[in-house]
Each structure stands twice: as C-alpha cells, then as structure tokens.
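Residue strings, one per chain:
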Amino acid sequence: QAQLVESGGGLVQAGDSPRLSCAASGRTFRTYGMGWFRQAPGKEREVVAGIKWNGLQTVYADPVKERFTISRDNAKSTVFLQMNSLKPEDTAVYYCATDSTPLSSGIGRNVPDYGYWGQGTQVTVSS
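Positions within a chain are numbered from 1, following the residues in the order the chain's sequence is written. Local features in this predicted model are restricted to residues of pLDDT 70 or higher, and side-chain atom pairs are both shown and tallied only at a pLDDT of 80 or more, whereas totals for entire chains, interfaces and linings draw on every residue. Hydrogen atoms and water are omitted, and side-chain values are computed over all heavy atoms in the structure.

(A) Representation of the pattern of salt bridges in the model. Only one rule defines a salt bridge in this text: a Lys or Arg side-chain nitrogen within 4 Å of an Asp or Glu carboxyl oxygen. The full count for this structure, using the stated rule, is 3 salt bridges. Notably, a salt bridge pairs Arg38 with Glu46, separated by 3.1 Å at the nearest N-O pair. What makes Glu46 partly exposed here is its relative accessible area of 37%. The salt bridge partner of Arg38 is Asp90, with a shortest N-O separation of 2.9 Å. Linking Arg38 in strand E4 (residues 32-39) with Asp90 in the loop between strand E8 (78-83) and strand E9 (92-102), this pair joins segments that are 52 residues apart in sequence. Three exposure classes are used, based on accessible area relative to the maximum for each residue type with a 1.4 Å probe and protein chains only: buried under 20%, partly exposed in between, and exposed over 50%. Taking relative accessible area as the criterion, Arg38 reaches 7% and is therefore assigned buried. On the basis of relative accessibility, which here comes to 0%, the residue Asp90 falls in the buried class. A network of salt bridges, in which partner residues are shared, links Arg38, Glu46, Arg67 and Asp90. To qualify as a helix, a DSSP run of H or I must reach at least 4 residues; to qualify as a strand, a run of E must reach at least 2; elements of each kind are numbered from the N terminus.

Shown next as structure tokens:
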C-alpha cells in the first residue's frame, strides 16, 4: 500500500511549464507503476501519463503528448509530471496513483487499473 501526496499545482498562465510532484510513502514504491490522471469539472477522470514500475516505459494521452513528461525517482519515492506549454483546456485536478498490481508488464491507462490515489492538486490555467 502507499500514501500519495501531490504538490506543485496552482494558478498559472497559458504557456507556463510547472512540474507536479507526487511523494509516496511505503517501501513498495519501486515495484509499482505510477500514473497521473486529471479530472475537469463535468468530465470523467482521465489518464494523463503512466510510467512502468522500472521507469523503462511511459505512455501519454493524446492531448498532452509532446508537452508532458512523466518521470520517477525511486530513491526519493517520487513521481513527477513536467507540464510544458499549458493550455486553458489543461485545467483540472491532477491526481497521481499507484498501479494496483506490482511488477506489471504494462502500464495502466484506466482508473480501475490503479489502487491508491492521492488527494489531487488543482491546476488552473488562465488565458
């Protein structure tokens, strides 16, 4: 199990490039894939990016591909989401999550694939 705490959100301007962080507690961080999701008002929670437990593979949703980068630092039990060139449509609550299965061969792309969630951090992009 894990406890996740996101940080780095806030009110930003279009074109800004903040980085979100997700600090995880527990000794099993290294064996779980991690994901970033976002949820805008009136919309379902959707995947933004995912990273394999060993950090060797990543996946991105089409709206953020080429702009966002997910990474992890297992020594610090932290996963990051570098967000470049933010757009107003990126406005949402961003959540990090831990895959429900350790040592997964793939990367989860849906909410049911993840077992633990942080409380989320609001990212508001003004135009």
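(B) Inspection of the packing of aromatic side chains at higher detail. Planes of paired rings set the category: under 30 degrees apart is stacked, over 60 is edge-to-face and the rest tilted, where pairs are Phe, Tyr or Trp rings (Trp by its six-membered ring) whose centres lie within 6.5 Å. Inspection of the entire model under this criterion finds 4 aromatic pairs. On the numbers, 5.1 Å between centres and 80° between planes, the contact of Phe37 with Tyr114 is edge-to-face. Of the two residues, Phe37 is situated in strand E4 and Tyr114 in strand E10 (residues 114-117); the sequence distance between them amounts to 77 residues. There is no split in this pair, since Phe37 and Tyr114 are both buried. With a centroid separation of 6.5 Å and an interplanar angle of 80°, the aromatic rings of Tyr95 and Trp117 are classed as edge-to-face.

(C) Local environment of the nonpolar core. Of all hydrophobic cores here, the largest spans 25 residues; its most connected members are Trp36, Val48, Phe68, Val79, Leu81, Met83 and Tyr94. Among the elements of the structure, strand E3 (19-25), E4, strand E5 (46-51), strand E7 (68-73), E8, E9 and strand E11 (121-126) are those that each provide at least two residues to this core. Note on contacts: a residue pair is in contact if any heavy atoms of the two residues lie within 4.5 Å. Aside from chain neighbours lying at most four places away, what touches Met83 is Asp16, Ser17, Pro18, Leu20, Arg67, Phe68, Tyr94 and Val123. Residues belong to a common nonpolar core when they are buried Ala, Val, Leu, Ile, Met, Phe, Trp, Tyr or Cys residues joined through side-chain atoms within 4.5 Å. Counting 5 residues, the second-largest nonpolar core is a separate cluster that includes Phe37, Val47, Ala97 and Ile107.

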